[in-house]
Amino acid sequence: MNQVRQTLGEIPLVDDELRLAAGEKADEDGIQQQVPIQKLVTSDGTYATQSAFNTASISKKGEARPPLRQYMMDGDFFIGAALGTTLAKLALRYMSLTPDGKKQNRFCSEAMLIMASILHLGKSGLAVKNMTNDDADRLYLCLQVLSDKSPVIVKIFNENCRCALSIMLAAKAEEEASTQKAKEKPGSVIHADEPISFLQLSSSRGAGDLGGTENVFELSLNQAVVGRRDGICSGLGGGESTPGLSKLNKVTQLTGFSDPVYAEAYVHVNQYDIVLDVLIVNQTGDTLQNCTLELATLGDLKLVEKPQPVVLAPHDFCNIKANVKVASTENGIIFGNIVYDVSGAASDRNVVVLNDIHIDIMDYIVPASCNDTEFRQMWAEFEWENKVSVNTNLTDLHEYLRHLISSTNMKCLTPEKALSGQCGFMAANMYARSIFGENALANLSIEKPFNKPDAPVTGHIRIRAKSQGMALSLGDKINMTQKGPHKTCGA
């Protein structure tokens with residue numbers, strides 16, 4: 001308690017600050033010391049007098065303040081709220097160790113006086129920023145605890161808080177140990193003299209003979225990354241397919257089967273580039289001249305070059321590739337049409353409108369981790385916020401959190417042990433980072449009434465990002481995927 005008093009200074013804080021302000025003002029208007037007047041003779045023979053005034057240097061306001069008071073004068077009253085909790089626990093422990101009632105009352109009164117002084121300072125307007133309502137409520141609670149001394153509350157402050165802190169620290173240490181262990185996996189070490197296998201240069205004929213030159217692990221890893229191929233293999237009649245067949249999972253149909261020109265595109269996202277491999281089929285008996293694929297983009301996408309016109313014979317086909325650059329994490333749309341001329345026809349050019357290609361924001365977002373201090377700092381700095389209401393048929397809080405994490409590629413920063421149990425509500429922080437270095441924060445606040453076990457989860461998700469596109473795109477993705485598990489649950 002003596003150390004706390006020394007780092008706070010004179011109590012009450014507001015009266016002492018007012019006295020300091022009045023004393024400094026008096027010093028500024030203090031007596032100026034004058035040196036003796038000297039008589040000088042000028043160049044023209046006349047006399048002149050010269051005098052000088054010395055003013056004592058006055059220290060700037062705040063230089064001599066104790067450290068804890070200086071923090072609160074700068075507007076950091078979170079330290080004051082933490083100090084109030086500490087004083088309450090100190091007073092309760094002192095009362096359990098000291099049988100003397102007078103000493104107990106004196107110690108408890110001193111702690112309550114310090115809390116009241118911090119509250120008065122926070123509402124007085126002398127600090128750079130006033131105290132927030134959260135910090136004030138915390139100090140009011142500590143004052144109420146010391147005033148009532150309820151056995152239940154005393155047990156919570158003396159024992160349960162310490163147990164909860166121990167559990168949280170143990171969970172944090174376990175999470176850091178698992179992260180460190182994952183980084184130090186022996187499989188991630190590659191020797192300098194090991195050969196490099198380029199899967200794109202391997203022949204498809206040697207895919208069945210994997211014993212010699214091909215790496216079975218690399219092939220299976222590529223198949224897992226590019227997409228599932230079990231359904232494709234069964235549809236094509238065999239399990240001896242190459243990894244290239246998994247491209248069929250990413251094919252987007254651009255026109256209808258009854259259109260004169262059929263088109264479909266394979267969308268390959270490679271970080272900052274999007275490659276569109278468009279297959280164009282002439283379904284007519286005429287020769288199509290100047291068949292041109294015209295594309296346009298919506299969002300932060302840029303078409304690198306315009307595809308060149310081609311000539312298609314009757315029932316012929318060709319592949320046209322187009323490169324699109326991506327500049328930021330934002331939902332993008334690629335749209336366009338196919339324009340062609342029919343040889344011998346006197347009519348104008350024919351146009352086939354293509355279906356839109358939607359670029360998924362999840363291709364650019366990866367899970368990331370940060371500590372609580374960095375999360376709070378970014379949450380205060382980011383200016384764009386998108387609030388999404390929870391609209392789902394899921395009835396379990398943990399199931400909804402798992403579905404949200406899997407559909408948004410975000411990492412839950414709240415420890416698993418802090419989310420365990422059923423209490424009717426849940427709050428969790430999530431964090432992700434894009435390949436462009438953009439950060440995305442999310443706070444989940446959901447609840448479910450105890451008396452209605454079949455009631456759906458309600459609440460909202462607050463998303464914060466530095467750019468507007470990131471916040472809006474992530475919110476749109478959550479709105480689209482909220483209804484995702486409904487079909488599976490019904491099935």
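As shown above, the structure is provided for reference.
Figured I'd write up the structure that's included with this text. (Residues numbered from 1 in each chain as written. Predicted model: local features only at pLDDT ≥ 70, side-chain atom pairs only at ≥ 80, totals over all residues. Heavy atoms only, no water.)

### Describing helix H11 (residues 397–408)
Under the convention used in this document: In DSSP terms, a helix is any run of H or I states spanning at least four residues, a strand is any run of E spanning at least two, and both are numbered starting from the N terminus. The length a helix should cover is 1.5 Å for every residue beyond the first. Residue burial is assigned from relative accessible area. The probe radius is 1.4 Å, only protein chains are included, and a residue is buried under 20% of its type maximum, exposed over 50%, and partly exposed in between. Any pair of nitrogen or oxygen atoms within 3.5 Å is treated as a polar contact; in protein, a donor-acceptor pairing is required on top of that, and neighbouring residues in sequence qualify only through side-chain atoms on both sides.
With 12 residues, H11 ought to run about 16 Å at 1.5 Å a step, and its terminal C-alpha atoms sit 17 Å apart, in line with that. For H11, the complete set of buried residues consists of Leu397, His398, Tyr400, Leu401, His403, Leu404, Ser407 and Thr408. A distance of 3.2 Å separates the backbone nitrogen of His398 from a side-chain oxygen at the start of H11, and that oxygen is part of Asp396. Following H11 by one or two positions, Asn409 has its phi on the positive side, about 60 degrees.

### Points about a nonpolar patch on the surface
What counts here: Residues enter patches when they are more than 30% accessible in relative terms and free of salt bridges; like-charged ones are connected within 9 Å and nonpolar ones (Val, Leu, Ile, Met, Phe, Trp, Tyr) within 5 Å. Each accessible area is a Shrake-Rupley result for a 1.4 Å probe, and residues are judged covered by the shown protein chains and nothing else. By definition, a salt bridge exists where a carboxyl oxygen of Asp or Glu is found within 4 Å of a side-chain nitrogen of Lys or Arg.
On the surface, a cluster of nonpolar side chains totalling about 230 Å² of accessible area is made up of Val152, Ile153 and Ile156. Looking at where Ile156 falls in the secondary structure, it is placed in helix H7 (residues 151–183).

### Observations concerning the pairing of strand S7 (residues 273–282)
To be explicit about the condition: For two strands to be treated as a pair, DSSP must find no fewer than two bridges joining them.
Of the two faces of S7, the one lined by Ile274, Leu276, Val278, Ile280 and Asn282 is fully buried and the one lined by Asp273, Val275, Asp277, Leu279 and Val281 carries no buried residue. Sheet topology note: the strand S6 (residues 261–270)/S7 ladder contains 10 bridges and is antiparallel. Among the inter-strand pairings, His268 is bridged to a residue of S7, identified as Val275.

### Some words on the pattern of salt bridges
The tally for this structure, following the rule as stated, stands at nine salt bridges. The shortest N-O distance in the salt bridge between Arg19 and Asp16 comes to 3.4 Å. Of the two residues, Arg19 and Asp16 both sit in helix H2 (residues 13–28), three residues apart, roughly one turn of that helix. Ionic contacts of the salt-bridge type, sharing partners, join the residues Asp16, Glu17, Arg19, Arg65 and Arg69 into one network.

### Re the packing of helix H4 (residues 78–97) against helix H6 (residues 133–148)
For clarity, the threshold we go by: Note on geometry: axes are C-alpha line fits, over the in-contact stretch for helices, and angles between N-to-C directions span 0 to 180 degrees. Note that the term roughly parallel is reserved for angles under 35 degrees, roughly antiparallel for angles over 145, roughly perpendicular for angles of 65 to 115, and oblique for everything else. Any two residues whose heavy atoms approach within 4.5 Å at even a single point are treated as in contact. All amino acids are sorted into three groups, where Ala, Val, Leu, Ile, Met, Phe, Trp, Tyr, Cys and Pro are nonpolar, Asp, Glu, Lys and Arg are charged, and the leftover types, Gly among them, are polar.
Viewed as axis vectors pointing N to C, H4 and H6 meet at an angle of 10 degrees, and their least axial separation amounts to 8 Å. Considering their axes alone, H4 and H6 lie roughly parallel with respect to each other. Only Asp135, Arg138, Leu139, Cys142, Val145 and Leu146 of H6 make contact with H4, whose side of the interface consists of Phe78, Gly80, Ala81, Gly84, Thr85, Ala88, Ala91 and Leu92. Of the residues belonging to the contact of H4 with H6, the class tally is nine nonpolar, three polar and two charged.

### Digging into helix H5 (residues 101–124)
In this model, H5 (24 residues) spans 34 Å end to end at C-alpha, consistent with the 34 Å of a helix rising 1.5 Å per residue. Along H5, the residues classified as buried are Gln104, Phe107, Cys108, Ala111, Ile114, Met115, Ser117, Ile118, Leu119, Leu121 and Gly122. Where H5 ends, the next residue or the one after it, Gly125, has phi of about 90 degrees, a positive value.

### Re the side chain of Thr408
Among the structural elements, Thr408 can be located in helix H11. A polar side-chain atom of Thr408 sits 2.6 Å from the main-chain carbonyl oxygen of Leu404. If near-sequence neighbours (up to four positions away) are discounted, Thr408 is found in contact with Met362, Ile365, Leu474 and Ile478.

### Here we look at the packing of H5 against H6
How we decide: What makes a crossing left-handed is the near helix being turned counterclockwise from the far one by less than a right angle; a clockwise turn instead makes it right-handed.
In the contact formed by H5 and H6, the axes pass within 10 Å of each other and the chain directions differ by 160 degrees. When the interaxial angle is binned, H5 and H6 end up roughly antiparallel. Seen along the crossing, H5 lies across H6 with a hand that is left-handed. Here H5 contributes Cys108, Ala111, Met112, Met115, Ile118, Leu119 and Lys123 to the contact with H6, which in turn contributes Asn133, Ala136, Leu139, Tyr140, Cys142, Leu143, Leu146 and Ser147. When its residues are assigned to classes, the contact of H5 with H6 shows 12 nonpolar, two polar and one charged.

### Points about the environment of Cys370
Locating Cys370 in the fold gives a position in the loop between strand S15 (365–367) and helix H10 (372–381). Owing to a relative accessible area of 12%, Cys370 belongs among the buried residues under this scheme. Residues Cys370 and Ala432 lie 62 residues apart in sequence; the distance between their C-alpha atoms is 9.4 Å. With sequence-adjacent residues up to four places away left out, Cys370 is seen in contact with Phe375, Met378, Leu413 and Tyr431.

So yeah, pure geometry; function would need other evidence.
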